Every structure is written in C-alpha cells, then in structure tokens.
Amino acid sequence: MRVLLADDQHLVRTGFRVILEVEDDIAVVGEAADGARAVTMARATQPDVVLMDVEMPGMDGLEATRRITGDGPGGPAVLILTTFDRDDYLFAALRAGASGFLLKNGTPEELVEAIRVLARGDGLLAPEITRRVISTFARPGDPTGAARSGPDAVAALSELTPREREVLVLLASGSSNSEIATTMHLGEATVKTHVSRVLAKLGLRDRVQAVVFAYENGVVRPGG
C-alpha cells in the first residue's frame, strides 16, 4: 500500500514514516508540508492513501482533500489526521471527500489499521465520531450547512432499486456487510455487489460518504 504524508510539521511526518515503514505491506512514497504540494504529489505518486493534516500554511488540508478526491474515481483515499477535535473540521472533511477521520492521539496500531481499511476501499470513522455524525444530522437546522436534498441527489436516488435503497439505509445505520446479509437474508457476496452498485449510482467513494449522503438527503433519520 502506497502512502503519502501531508503535514506541515517535519517531526510529525517523521514519526508517521517510522510507524509505517516497519510494516511489510506499507510504503511511504512521499511527504508534503502544505496542501498545494500534497495535491501535486498525490497526482505524481498515485498513492493508495493520503494522510492529511487539516491546518497547513497556504492551501489547507480540507481544500487539498477536495482537489485530490475531485480528480475522479480511482484516486487515493484521504485519511484526515488532526489534533483538533472539532465538528466543523469533521463535517468539512467528510464533504471534501475524505474517507476517514482520526485524531492524532490514537495509537500506531490504529493508524496502521486505518490505512489498511482505506486502501481496500472501505471508509473509516472512529466510533465516537460516527455517533457525532448521527447526532448532528438528527438535530433540526443542523450546523453543517448542507442541503438535505437537491436535484442531483433526487435523480441519483431514483436510480436505486428498492433493494439497493434498503442497502443504503442499512449502510447509514453503520451495519457491516455481514450484518446486512443477515438482515436481508442474502449472501455476503451479493451484499458486496449491492453496496458497489449503490456507491456507483450515487457517485460516492465509500461507505462513509454513503452515511453522510443518506442523512443529508433524508433517506434515513436517527430513530426512524
């Protein structure tokens, strides 16, 4: 798995490199000290995962994430790593296209596992962050500033079959593929196919974006 490090602090990047390069299946392909450099290097080195800091000089990590994920399907997944436990960063990162969000006070083992999760095409949020996503979208007039629906979202949702819409609802609840299979009385391989079709039809990168999409567009509501 190819990883690009983007953080304005040299010591932080060095620490990440030391943690990751002892793993046989992970290679650090570059380092960037600001968002603009991260975008350039992501396009040049084609990593599987970008570890992205939020606050960097010049272009910040949120704008860099937006540009990297905006290059189209097949690009790297972005894992936001920050010391700032703030909802505005969390939601901005998710809307920018990040596939995961972790705080820097996590363990090396958690970081390595997060990279592996994102590299295989899944999204990742720490459990406490998932709870905050749901609780925020549950509040009327939520502070995220996102529209609940729009013409593009309505059109995309209309392309889903009833079964695919049911899969989306279960994804938004945080269900794993095995849990979805049990609920819907399907095989896991069939569930994987349905999940892939849902993401493709909605133009989403991963399960994390599916959760946000479902809540933003009123497909599901906590307790509903």
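Residues numbered from 1 in each chain as written. Predicted model: local features only at pLDDT ≥ 70, side-chain atom pairs only at ≥ 80, totals over all residues. Heavy atoms only, no water.

Under an unreviewed UniProt entry, the name given to the protein chain is DNA-binding response regulator, and the source organism is Micromonospora acroterricola.

Participant: How should the nonpolar core be read in this particular structure?
Facilitator: Across soluble globular proteins, nonpolar side chains have a tendency to be buried as a group. Ranked by internal contacts, the top residues of the largest apolar core, which has 27 residues, are Met52 and Ile80. Going through the elements one at a time, strand S1 (2–6), helix H2 (35–45), strand S3 (49–52), helix H3 (61–69), strand S4 (77–82), helix H4 (87–96), strand S5 (100–103) and helix H11 (207–216) are the ones with two or more residues in this core. Ranked by residue count, the leading element in this core is H4, at five residues. Look past the residues within four positions of Ile80 in its chain and what remains in contact with it is Met52, Val54, Thr65, Ala93, Ala98, Gly100, Phe101 and Leu102. Counting residues in each nonpolar core, the second largest holds 26 residues, with Leu157, Val195, Val198 and Phe213 among its members. (Core = buried A, V, L, I, M, F, W, Y, C linked by side-chain atoms within 4.5 Å. Buried < 20%, exposed > 50% of the residue type's maximum accessible area, 1.4 Å probe, protein only. Helix = DSSP H or I, 4+ residues; strand = E, 2+ residues; numbered from the N terminus. Contact = heavy atoms within 4.5 Å.)

Participant: I would appreciate a short explanation of helix H8 (residues 162–172) in the present structure.
Facilitator: Think of an α-helix as 3.6 residues a turn; residues three or four steps apart then line up on the same face. Those residues of H8 that fall on the buried side of the exposure criterion are Glu164, Val167, Leu168, Leu170, Leu171 and Ala172. Taken from the residues just after H8, Gly174 is the one with a positive phi, measuring 90 degrees.

Participant: What is the right way to read the packing of H2 against H3 from this model?
Facilitator: Working note: a packed helix pair is described by the angle between its axes plus the distance between those axes. Closest axis-to-axis distance for the H2/H3 pair is 8 Å, and the angle between their directions is 20 degrees. Comparing the axis directions of H2 and H3 gives the class roughly parallel. Once H2 is placed against H3, the crossing between them reads as right-handed. Residues Gly35, Ala38, Val39, Ala42 and Arg43 of H2 form the contact with H3, whose participating residues are Ala64, Arg67 and Ile68. (Axes fitted to C-alpha atoms, helices over the stretch in contact; angles between N-to-C directions. Parallel < 35°, antiparallel > 145°, perpendicular 65-115°, else oblique. Left-handed = near helix turned anticlockwise from the far one by under 90°.)

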